[in-house]
Amino acid sequence: MFWKSAIAIILAIVMAVLTHSALATIATFFVAMIVVVIFEGVRVVPQQNAWVIERLGKYFRTLEPGLNLIVPFIDRVAYRHMLKEIPLDIAEQVCITKDNTQLAVDGIIYYQISDPKLASYGSSDYVLAISQLAQTALRSEIGKMELDRTFESRDEINHRVVSVLDEAGRTWGIKVLRYEIKSLTPPEAILRAMQAQITAEREKRAVIAKSEGQRQQEINIADGDKQAKVLESEGDKQAQVNRAQGEAQAISLVADATASAVKVVASAIASEGGMNAANLKIAQLYVEAFGNLAKTGNTMIVPANLTDVAGMVATAMTVMDRTKTGQAATK
């Protein structure tokens, strides 16, 4: 404002030197001051911004986005705030866990100015204040947990830090939206121990998986052998049943054929001339049997009277007559 007024005065002096006219000098000065007033009295605030106006050194009002008018020489823009969500890196720090283990932790805060007036006058440096408070709250939360739990409870730690920061940020006109831990780094010795533990756990799982696989393999093999033996025994059983049924059917067929043959022979003998034919057949078989004895073996059984073929035939026919008589009596 003052340097713009100085420029207006300089322009008036230059005009006075050039024209040597008081009227031209005054007119130039007034025109220059009008331009200065217009430039100083009109303020265009960008979207998602808020400007704090002080009147004579005291807070007067906050300009909203758009065209705004202020009183030159009396009002001034004291603070300019961005209302967008702002990320803020939190420097890495060493925290001590509940089991006395050092842990290097860093994070990031996302905050937003909710009250431009409080952000201007509530703290001399709200960014420094919120970053220091975030580190303090983080150390406090890490100190309540053991090392193993810190890796599993990131969301819980983030939530508690946000609660602490949001409560404190209300007096500074700041709303903390979220806090995120970027990294948790234990000492090198702890890392090696953790890696060894992870390796041992993986080897344990591998051994268990291998033993389970072998057990399942043995079960499958035993089950397969069992099923094979059952199927084999079922096959043997079915084969024996089929064989027995075949033999039974064969015996039945042979018996039926024999019975039929006997009936035919008996019918033939009972017919006219049948007895003579039977005598002739028996004599023929008798002769053929004695003729084959010498061919089939070294020992020969000779009847007492080789010429008594008729007696042998008569004996056979006597047996047949008795059989026939017994059958007739039975009927």
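Above this text is the structure in question.
Once a new chain begins, its residue numbering starts again from 1 and follows that chain's sequence as written. The predicted origin of the model limits local features to residues at a pLDDT of at least 70 and limits the giving and counting of side-chain atom pairs to 80 or more, whereas totals for whole chains, interfaces and linings rest on all residues. Just so you know, side-chain values use all the structure's heavy atoms and leave hydrogens and water out.

Student: Can you break down the nonpolar core residue by residue, with the values?
Tutor: Think of a nonpolar core as a cluster: buried Ala, Val, Leu, Ile, Met, Phe, Trp, Tyr and Cys residues, connected wherever their side-chain atoms sit within 4.5 Å. Each residue is assigned to one of three classes by its accessible area relative to the maximum for its type, calculated with a 1.4 Å probe on protein chains only: buried under 20%, partly exposed between the two thresholds, exposed over 50%. One finds Ile-109, Tyr-111, Ile-130, Leu-138 and Tyr-179 to be the most contacted residues of the largest nonpolar core, which totals 28 residues. Secondary structure elements are taken from DSSP: a helix is a run of H or I of four residues or more, a strand is a run of E of two residues or more, and numbering for both begins at the N terminus. Those elements that provide at least two residues to this core are strand S6 (86-96), strand S7 (102-113), helix H4 (126-142), helix H6 (154-169) and strand S8 (174-185). Throughout, a residue-residue contact means that at least one pair of heavy atoms, one from each residue, lies within 4.5 Å. Residues in contact with Ile-109, not counting those within four places in the same chain, are Ile-86, Pro-87, Leu-88, Ile-90, Ile-130, Ala-134, Leu-165, Val-176, Arg-178 and Tyr-179. Grouped together as the second largest cluster of nonpolar side chains are 6 residues, Ile-53, Leu-63, Ile-70 and Val-77 included.

Student: Could you give an account of the packing of aromatic side chains, with specific residues and numbers?
Tutor: Only centres within 6.5 Å qualify two rings of Phe, Tyr or Trp (six-membered ring in Trp) as a pair; their planes then separate them into stacked at under 30 degrees, edge-to-face at over 60, and tilted for everything else. Counted according to the given criterion, the structure contains 3 aromatic pairs. With a centroid separation of 6.1 Å and 80 degrees between ring planes, the pair formed by Tyr-59 and Tyr-121 is classed as edge-to-face. Placement of Tyr-59 in strand S3 (residues 58-63) and of Tyr-121 in helix H3 (residues 116-121) is noted, with a sequence separation of 62 residues between them. Of the residues examined, Tyr-121 reaches a relative accessible area of 36% and is grouped as partly exposed. Arranged with centres 5.5 Å apart and planes meeting at 85 degrees, the rings of Tyr-79 and Tyr-121 form a pair that is edge-to-face. Taken together, the residues span a long stretch of sequence, with Tyr-79 in strand S5 (residues 75-82) and Tyr-121 in helix H3 at a distance of 42 residues. Through pairs of rings, three or more aromatic residues link up here, namely Tyr-59, Tyr-79 and Tyr-121. Sitting over the ring of Phe-60, Arg-55 keeps its end group 3.9 Å from the ring centre. Arg-80 extends its terminal NZ or CZ atom over the ring of Trp-51, reaching a point 4.4 Å from the ring centre. As a reminder, the over-ring test applies to NZ of lysine and CZ of arginine, requiring each to be within 6 Å of the ring centre and within 35 degrees of the ring normal.

Student: Describe the pairing of S7, listing the residues and the values that go with them.
Tutor: With 9 of 12 residues buried, S7 is to be regarded as a mostly interior element. Here S6 pairs with S7 via 9 bridges, running antiparallel. Bridging across to S7, Ile-86 finds its partner in Tyr-111. In this scheme, strands are said to pair when DSSP sees at least two bridges between them. Connecting the antiparallel pair S6 and S7 is a turn made up of 5 residues, with Asn-100 showing a positive phi of about 60 degrees. Here S7 runs beside S8; their pairing, made up of 10 bridges, is antiparallel. Across the sheet, residue Tyr-111 finds its bridge partner in S8, namely Val-176.

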